[in-house]
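# Structural overview
Next come the chains, spelled out residue by residue.
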Amino acid sequence: MAANFGEGFSDADGGPVRHIPVLLSEVLQSLDPEPGKVILDGTFGAGGYTSAILGKGADVIALDRDPNAIAGGKDLVESSGGRLVLHHTEFSNLAEFAPEGGLDGVVLDIGVSSMQIDEAERGFSFQRNGPLDMRMAVSGVSAADVVNRAKVSDLIRIFGFLGEEKHAGRIARAIEKRRAVEPFQTTRELANLIETVNPRKVKDKIHPATRVFQALRIYVNDELGELAQALFAAERSLKPGGRLVVVTFHSLEDRIVKKFFSERSGKASGSRHLPMVEARPATFEPVGKGMVAASEEEAEMNPRARSAKLRAGIRTSAPAERADMSIFDLPDLATLEKIGG
């Protein structure tokens, strides 16, 4: 998701480079698609991975929560000769679409797409002024709802945990003061307030609003929870020998994927909530030597690849384990329903 949003500004969310799938050759190598295999692409987007997988001869079941992505994929569905089926849903639901015999592979490219960033009306980027929205599914609680309704204490936790924003308290209190006079409606309004509270220094590589916008986007779309549930769903849906390939662009996401594969490695483990437990059968074996990053050449050609990390595993024959969310140590934040109400 790393990208350039204009001079001196980079963020973990796509960018001006459109339709370029990140780490494509590495994804294909880890996924090993071939004729006769069925691969699920949980983050269809512009169809970059799906097109390449189809090109290798495998059939594809693709998912996306964004209705615009579904509409944009119709031509590819029609030209696939029945080898591509596209569903409008969150990738946490992927188990519902797995064939009876299981999947040969699952690939997930986590986060907002560069297409969404480029569309001002989606409200993901303050570089293009638009409504403060950020909803990938174009429904539910928006970023404006969160900014205008959430308690200051909740905003501080959202900005601090999900955006790793050092000035979360100062920004949240300034938001509370401003919204009492006039609610926030646009991306530029929020960005300008943040820049006033936390002025940009000459040495700063990113805009002062970057981390807050990242936090709001992750929160509004429950991206960390969706990712965790998708990993459990993939474990249930892959046949023995099936491959799970995940590309992340932010440390919080990569931490979840790394933790999942570590927990499923069969080694003794535990969490801060639970005591150490004995070793158990591994449900995944690693592909390669671990994390794979983009080459310097790819990062130069496609800024979105700069912070990309790929992790992959091969499903064993061991039964899927319980979907225990506590292994991820996710922050305890106010629910979207509570704020939306």
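The structure displayed is predicted, hence computed values, not measured ones.

The subject of this paragraph is the overall build of the protein chain. Along its length, the protein chain carries 14 helices and 12 strands. When the 341 residues of the protein chain are sorted by exposure, 55% land in the buried category. Counted over contacts in the protein chain with a minimum sequence separation of 6, partners at least 24 positions apart contribute 69%. For the protein chain, the accessible surface area stands at approximately 15200 Å², while carbon and sulfur atoms represent 51% of it.

UniProt tags Gly-47, Gly-48, Tyr-49, Asp-64, Phe-91, Asp-109 and Gln-116 as "binding site: S-adenosyl-L-methionine" (unreviewed entry). Engagement of the side chain of Tyr-49 in a polar contact is seen with the backbone oxygen of Val-22, the distance being 2.5 Å. Position of Asp-109 among the secondary structure elements: in strand E6 (residues 103-109). A relative accessible area of 10% places Asp-109 in the buried class. If we skip the residues at most four places from it in the chain, Asp-109 touches Thr-43, Tyr-49, Val-247, Phe-249 and Arg-304.

Before going further, it helps to spend a moment on unusual backbone geometry. You will see that Leu-23, though not glycine, has its phi angle at about 55°, which is positive. Topologically, Leu-23 is positioned in the loop between strand E2 (10-11) and helix H1 (24-31). Positioned with a positive phi, Asp-329 is a non-glycine residue whose angle comes to about 50°. Following the sequence through the fold, Asp-329 ends up in the loop between strand E12 (309-315) and helix H14 (336-340). For Asp-329, a relative accessible area of 33% translates into the label partly exposed.

Once that is clear, we can look at the packing of aromatic side chains. As enumerated under the stated definition, the model contains five aromatic pairs in all. An angle of 70° between the planes, with centres 6.1 Å apart, marks the rings of Phe-232 and Phe-260 as edge-to-face. One end of the pair, Phe-232, is in helix H11 (residues 223-237); the other, Phe-260, is in helix H12 (residues 251-263), with 28 residues separating them in the sequence. For Phe-232, a relative accessible area of 1% translates into the label buried. Phe-260 gets classed as buried once you look at its relative accessible area, which sits at 0%.

It is worth spelling out the packing of helix H8 (residues 168-181) against helix H9 (residues 187-197) at this point. Interhelical geometry of H8 versus H9 gives an angle of 125° and a closest axis separation of 10 Å. The angle between H8 and H9 falls in the class oblique. Here H8 runs over H9; the crossing is right-handed. Counted together, Arg-170, Ile-171, Ala-174, Ile-175 and Arg-178 of H8 and Glu-189, Leu-190, Leu-193, Ile-194 and Val-197 of H9 form the full contact between these two elements.

Between its first and last C-alpha atoms H12 spans 18 Å; for 13 residues at 1.5 Å apiece the expected length is 18 Å, and the two agree. Every buried residue belonging to H12 is among Leu-252, Glu-253, Asp-254, Ile-256, Val-257, Phe-260, Phe-261 and Glu-263, and all of these are buried.

What follows concerns the nonpolar core. The biggest cluster of nonpolar side chains holds 64 residues, and the ones touching the most others in it are Val-146, Phe-159 and Leu-244. What Phe-159 contacts, discounting residues up to four positions off in sequence, is Glu-164, Glu-165, Ala-168, Ile-171, Ala-172, Ile-175, Val-212, Ala-215 and Leu-216.

For helix H10 (residues 210-220), the buried fraction is high: 10 of the 11 residues fall into the buried class. All buried positions along H10 are accounted for by Thr-210, Val-212, Phe-213, Gln-214, Ala-215, Leu-216, Arg-217, Ile-218, Tyr-219 and Val-220. Taken from the residues just after H10, Asp-222 is the one with a positive phi, measuring 45°.

What follows is about the packing of H11 against H12. H12 packs onto H11 with a crossing angle of 25° between their chain directions and a minimal axis gap of 10 Å. Looking at the two axes, H11 sits roughly parallel to H12. Our pair here, H11 against H12, has a crossing hand that is right-handed. Taking contact as the criterion, the partners of Glu-223, Leu-224, Leu-227, Ala-228, Leu-231, Phe-232 and Glu-235 in H11 are, on H12, Leu-252, Glu-253, Ile-256, Val-257 and Phe-260. Of the residues assigned to the contact of H11 with H12, the class counts are nine nonpolar, no polar and three charged.

Cut-off values and rules
Residues numbered from 1 in each chain as written. Predicted model: local features only at pLDDT ≥ 70, side-chain atom pairs only at ≥ 80, totals over all residues. Heavy atoms only, no water. Helix = DSSP H or I, 4+ residues; strand = E, 2+ residues; numbered from the N terminus. Buried < 20%, exposed > 50% of the residue type's maximum accessible area, 1.4 Å probe, protein only. Contact = heavy atoms within 4.5 Å. Areas by Shrake-Rupley, 256 points an atom, 1.4 Å probe, with all protein chains shown as cover. UniProt positions renumbered as here; feature names shortened; annotations may be inferred. Polar contact = N/O pair within 3.5 Å; in protein donor to acceptor, adjacent residues only side chain to side chain. Phe/Tyr/Trp six-rings, centres within 6.5 Å; stacked < 30°, edge-to-face > 60°. Axes fitted to C-alpha atoms, helices over the stretch in contact; angles between N-to-C directions. Parallel < 35°, antiparallel > 145°, perpendicular 65-115°, else oblique. Left-handed = near helix turned anticlockwise from the far one by under 90°. Expected span 1.5 Å × (residues − 1). Core = buried A, V, L, I, M, F, W, Y, C linked by side-chain atoms within 4.5 Å. Nonpolar A, V, L, I, M, F, W, Y, C, P; charged D, E, K, R; others polar.

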